[in-house]
Amino acid sequence: MSDFAKTKDPSPVPARTLHREERFALLQAQTRRHFLRSFTAGVGSMFLGSLGSPFVSSVGAAERGVDGTPKLEFARDPSHPLSVLPPQFAGRAKRIIYLHMAGAPSQLELFDYKPDLTRLDGQQCPASFLAGKRFAFISGVPKLLGAQYPFHQTGKSGQWISDRLPHLEKHIDDLCLIKSMRTDQFNHAPAQLLVQTGNARLGYPSMGSWVIYGLGTENQNLPGFIVLVSGGNQPDGGKQLWGSGFLPSVYQGVQCRSHGEPVLYLENPPDVSRQLRRRMLDAVDEINRQAYAEFENPETVTRIAQYEMAFRMQMDATDAMDIHKESPAVLAAYGANPAESSFANNCVVARRLAERGVRFIQLYHWGWDDHGTSAKDSLNIGFADRCRETDQPIAALLTDLKQRGMLEDTLVVWGGEFGRTSMRENRNGQVMQFIGRDHNPGAFTIWMAGGGIKPGICYGETDAMGYEIVKDPVEVRDLHATILYALGFDHHKLNYSFQGLEQKLTSVKPARVVAEVLA
Amino acid sequence: MTFPVRQAPWRLRLGLLALALILLLSTLLALFPPDGVERASLAQFIGRFHLLTVHLPIALVLLVPVLEWAGRNPRFPHLRETVDFVWPLAIFSSLAAATLGWCLARSGAYSGRLVTQHMWGGASLAAACWLCWMLRGYFHDPRLAYPLALAATVALVSWTGYRGGQLSQGENHLTEYMPAGLKDLFGLSSGSTPLPRSNPAYFYGAHVEPIFITHCDSCHGPDKQKGRLRLDTYESLMRGGKHGPVIKAGNAKGSELLRRVTLSRSDDDAMPPQAKSPLAPNEVKLLELWIAAGASSTLPADGIKGAPTNEVPAVAEVTFPEIDPATVTKLRAPLAQEVSQLQQRFPGLLDYESRGSAFLTLDASALGPKFGDDDLAALKPISAQIVSADLSRTAITDRSAPLLAAMKHARVLRLNETRITDAGVASLGGLDQLESLDLYGTAVTPACLKTTESLPKLRHLYAGATKIPADTPVSDIMKGKLVF
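Bear in mind the structure is a predicted one, so any value in this text is a computation, not a measurement.

Once that is clear, we can look at the overall build of chain B. A count of helices and strands for chain B gives 19 helices and seven strands. For chain B, the proportion of contacts with a sequence separation of at least 24, taken over those separated by at least 6, is 61%.

Assigned secondary structure in chain A consists of twelve helices and 17 strands. By residue count, 49% of the 519 residues in chain A fall in the buried class. Taking the contacts inside chain A whose residues are at least 6 apart along the sequence as the reference set, 75% of them involve residues at least 24 apart.

Glancing now at the nonpolar core. Soluble, globular proteins show a tendency: their nonpolar side chains are buried together. Membership of the largest hydrophobic core comes to 122 residues, with the highest contact counts inside it found for A350 and V413 of chain A. The residues contacting V413 of chain A, other than those within four sequence positions of it, are I96, Y98, L99, I446, M448 and I483 of chain A.

A few words now on the environment of V387 of chain B. Residues and elements named next belong to chain B. Here V387 lies in strand β3 (residues 386–390). Residues V387 and V412, spaced 25 residues apart in sequence, show a C-alpha to C-alpha distance of 6.7 Å. If we ignore the near neighbours within four places in the chain, the residues touching V387 are E353, F359, L360, T361, H409, A410 and R411.

With that settled, the discussion passes to the interface of chain B and chain A. Tallying the contact residues gives 31 residues for chain B and 28 residues for chain A. Of all elements in the fold, only β1 (350–352), β5 (436–438) and β6 (460–462) of chain B reach the threshold of two or more residues within the side of chain B that touches chain A. Taken together, the residues of the side of chain B that touches chain A sort by class into 13 nonpolar, nine polar and nine charged.

For the rest of this paragraph, the subject is the confidence of the model for chain B. Residues and elements named next belong to chain B. Confidence along chain B averages 85 in pLDDT terms, with 93% of residues attaining 70 or more. Confidence, read as mean pLDDT per element, is least for helix α1 (residues 4–7) in chain B (50) and greatest for strand β4 (residues 412–414) (96). Taken as a whole, residues 1–5 scores under 50 in pLDDT and shows four contacts with residues more than four places along the chain or in a different chain. Here residues 190–196 is modelled with pLDDT under 50, and outside its nearest four sequence neighbours on either side it reaches eight contacts, counting other chains as well. Predicted complex metrics record ipTM = 0.83 and pTM = 0.67.

Okay, the confidence of the model for chain A next. Residue and element names in this part refer to chain A. Mean pLDDT over chain A stands at 89; residues scoring 70 or higher make up 91%. In this model, residues 1–7 is a region of pLDDT below 50 whose contacts with residues beyond four sequence positions or in other chains number four contacts. Here residues 53–61 is modelled with pLDDT under 50, and outside its nearest four sequence neighbours on either side it reaches 13 contacts, counting other chains as well.

Relative to strand β3 (residues 159–162) of chain A, strand β2 (residues 151–154) of chain A runs antiparallel, the two sharing four bridges. For Q153 of chain A, the partnering residue across the bridge sits in β3 of chain A and is W160 of chain A.

This paragraph deals with unusual backbone geometry. Cis geometry is adopted by the peptide bond preceding P272 of chain B, which originates at M271 of chain B and carries an omega value of -15°. Mapping P272 of chain B onto the fold places it in the loop between α12 (256–262) and α13 (281–292). One non-glycine residue, N428 of chain A, adopts positive backbone phi at about 60°. Checked against the element boundaries, N428 of chain A lands in the loop between β9 (419–424) and β10 (437–440). By the C-beta count within 10 Å, which is 9 here, N428 of chain A ends up exposed. The backbone of A295 of chain B shows a phi angle near 50°, a positive value even though the residue is not glycine. Note that A295 of chain B resides in the loop between α13 and α14 (325–332).

This part covers the packing of helix α2 (residues 10–31) of chain B against helix α6 (residues 78–107) of chain B. Relative orientation and spacing of two packed helices are given, respectively, by the angle between their axes and the distance between those axes. All names here are of chain B. Between α2 and α6, whose axes approach to 11 Å, the crossing angle comes to 20°. What the angle tells us is that α2 and α6 run roughly parallel. In this structure, the crossing between α2 and α6 has a hand that is left-handed. Facing L14, A18, L21, I22, L25, L28 and L29 of α2, the residues of α6 in contact are P88, I91, F92, L95, A98, T99 and W102. When grouped by side-chain class, the residues that make up the contact of α2 with α6 number 13 nonpolar, one polar and no charged.

Put simply, side chains in a regular strand alternate between the two faces of the sheet. Residues and elements named next belong to chain A. Within strand β1 (residues 95–102), eight of the eight residues are buried, leaving the element largely enclosed by the surrounding structure. Taking every second residue as pointing to the same face, both faces of β1 are buried, with R95, I97, L99 and M101 on one and I96, Y98, H100 and A102 on the other. Taken together, the six bridges between β1 and strand β8 (residues 410–415) define a ladder with parallel strand orientation. Across the sheet, residue I96 finds its bridge partner in β8, namely L411. Inspection of the sheet shows β1 paired to strand β7 (residues 360–366) by seven bridges, in the parallel sense. Bridge pairing in β7 links Y98 to Q362.

Below, the discussion takes up the sheet that holds β1 of chain B. Residues and elements named next belong to chain B. An order of β1-β2-β3-β4-β5-β6-β7 is seen for the seven strands of this open sheet, with the pairing classed as mixed. Edge strands, defined here as strands with exactly one partner in the open sheet, are β1 and β7 (482–483). Looking at chain direction, β4 and β5 are connected through three bridges and run parallel. Bridged to L413 within β5 is L437.

The subject of this paragraph is the packing of helix α7 (residues 274–295) of chain A against helix α8 (residues 298–321) of chain A. Residue and element names in this part refer to chain A. Viewed as axis vectors pointing N to C, α7 and α8 meet at an angle of 165°, and their least axial separation amounts to 9 Å. The orientation of α7 relative to α8 falls into the category roughly antiparallel. Taken as a pair, α7 and α8 cross one another with a handedness that is left-handed. Note on element contacts: α8 touches α7 through T300, V301, R303, I304, Y307 and F311, opposite R277, L281, V284, D285, N288, R289, A291 and Y292.

The next point concerns the environment of L72 of chain A. Residues and elements named next belong to chain A. Its location among the elements puts L72 in the loop between α3 (32–51) and β1. In this structure L72 comes out as buried when scored by C-beta crowding, with 21 C-beta atoms within 10 Å. Linking L72 and P87, residues 15 residues apart in sequence, is a C-alpha distance of 9.6 Å.

What counts and how
- Residues numbered from 1 in each chain as written.
- Chains lettered and ligands numbered in written order.
- Predicted model: local features only at pLDDT ≥ 70, side-chain atom pairs only at ≥ 80, totals over all residues.
- Helix = DSSP H or I, 4+ residues; strand = E, 2+ residues; numbered from the N terminus.
- Contact = placed C-beta atoms within 7 Å.
- Buried ≥ 20, exposed ≤ 12 C-beta atoms within 10 Å, placed from the backbone.
- Core = buried A, V, L, I, M, F, W, Y, C linked by C-beta atoms within 7 Å.
- Nonpolar A, V, L, I, M, F, W, Y, C, P; charged D, E, K, R; others polar.
- pLDDT = per-residue confidence, 0-100.
- Pairing = 2+ DSSP bridges.
- Axes fitted to C-alpha atoms, helices over the stretch in contact; angles between N-to-C directions.
- Parallel < 35°, antiparallel > 145°, perpendicular 65-115°, else oblique.
- Left-handed = near helix turned anticlockwise from the far one by under 90°.

Structure below.
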């Protein structure tokens, strides 16, 4: 306590009032240690205060972001967290249908035509392909593998396409192929997370969450972000692929089923009438409102909003998901069968949801991971089945959207999470019974069609073996920036303050809007 | 023997001193005009203070009329006496500012019309102030001469200040961000790109000159020649600047000009300077190819194979429009109340097109059959603001046709799967902004094509599942626009 001794006034001041003396004594008692202790708490609370809540924000003077330009305000009435907000600027796309081919389809069997690779089929892979590379399963020196299906040119744009997509082929002049996609993840779950959330780790909001956070949704009786899964398995990335991460959970995707009850337990149980359910909800809402008044936890509001939406959904979701209401001709065009669950059914539902103002419709079709370990995981058998399951429905979806004028403002995105190698997989150095390819994060193909995207073009190029990108690489974050641009957002501006960062879908590395593919 | 001046009042002595200084300065300016050569850094250091001192005489000169006017009020007669003190201050401060300005111009490599005018404006201002002061003190009846001189001095200070602003901020610094309406009023065209002055049949005129005029004209053009370099004509470009030629024909890498434009942006020598926008990669490429090909003024415009075009940059970039919240609020103000009432009545139905727009988008598709003619009628007050109306699958009928026809700004109109018929479509002929009309699944017949032909901007007419057969004969105007 030497500090204390030093600062103590040795000579008493006679004229001092009692009050001043007390104050002085108090100040004397404050040591450096006291200061440091309370200082850290003070700084901590300042930091916590700065994190803020999306529901408590200043109205009026526009806040400024790190770049000095006004921040976009995404605050809404807490009881309507999904209400529509205008985009930053007039975007061309109003909604998105994202067709994620889980497992990563081979670009070399669909769009990326490489005659030289076919010529060198069976040759030993050059050492330069292997140096410094990490593969999921390939070991030793694998052999090059040519395309397993014949290619031909098609459409006015003269694009190359394999014979596995005879229906989609008719829409080739509506598509914008990007053959130079690149990722930095070579395993399914992190790669899918990267594509869907902009980050390979768990805990980040998915693209759909960002989109409905930014734009809200027009139909308040349906979720704004609906997920439909087919192919018999959930995608490897799990439900985090449509999670809302650090955004309020009201923005997460809602997984629905195209067969049977659209959302499990959505219907009232037997002997519970809609009136009774309403009264129950009113009571629960009242309690939740009291809880919100007391603790102001935004998640309480989310809970209220979700109960209310579920109530409204009992009517509307059942109607939207019921593909029995489509004519047999339409069902036949998609190859859909209401009696079972399939990707084709999901495509019909996707169109019905798009018509009803659902902002982000995400379809996953599982089963594209063709390593060649079994018949269903092989390029010669399973791959052809996946093509058959998806080709006709996707083409029918595009036809429907185009006919109804919806392709003008609906952006359709098709793609996997990475590409596949130009080499045949040789798991454990063995020649395998079926033909397959390993994961290749270095190059893959996606396509986009509709809202704000230039139709009938091909962007980017891979080398003669289809192994690496030689022209106009597009990173996953560039794709995200481009999609957000089509919706009317600067990807920097669609952000949310969390952990001291203005978090965004494109994350922290610089992302480029691929202006060349914009219409 | 004594000079009369010795006994003269302080006013005369000070006046004569000021006159002497004015004459001295004018002689300096005439003998050593700014010539675009960069000189001693000390003079530049002093010269930079010009920007600081220059505002002093401006304020003082503008203060005089205020004092004179306010002093006429019997309550503040002393204000008029103050003027006698302000004038000498104005004279000496303008002298100081002009001298410093001359130091800056002379040493900082300035030359050209603008700087000459600004300089002589400054010197004249000192003289004008002197004249005013003298007129005020020595003419006992200053009713005409003095106010005239004062008005002229105020005009002179404004003009000189404007020229100075043009020097430092660019020639159009006052009008650059003028609202478009005002610009039209003053007859100033907005956003026009400078036209090439040389023959565009040659590579120089078509590709090279426009680059210099866009990026370099403000410092190396007719009005200002930093470093005695002018880039706005072929002759002056090839002559070069104070350090000699900037272009070595046939040797792109050895050309100073190319070196400067390709330097890293943080380099002090990089051109255009940091505050200005750099040359686009394709522009640099054009210069490089042109110099390498001999930098001739008569090389044909298409004389270099593989030259990038001026119009499409090598890597396309998008720009994000800046939103000014105050402007947006003002734009939206006339109908803000109606819009917010309608938004409360129909949640999710109506919203602004974007954060920066006062135009509206209408989307009733989520409401489907619950939305009918009577609901749409409620939108009457704001119908002219609607740029996109999605009424697909709603219960609207031909009764809504007048309201649809009132959507003068509509670019997209979606009436698919509604009960709209030819009669309804017939009233849409006046929608001259309409680009997309969706009639899919309605009962329209080929008769409605007559109306759609008159829509000048129409690009798509969705006519699937209607009574229009896919092989219906269409006029040339509608060719390629029908989607089935």
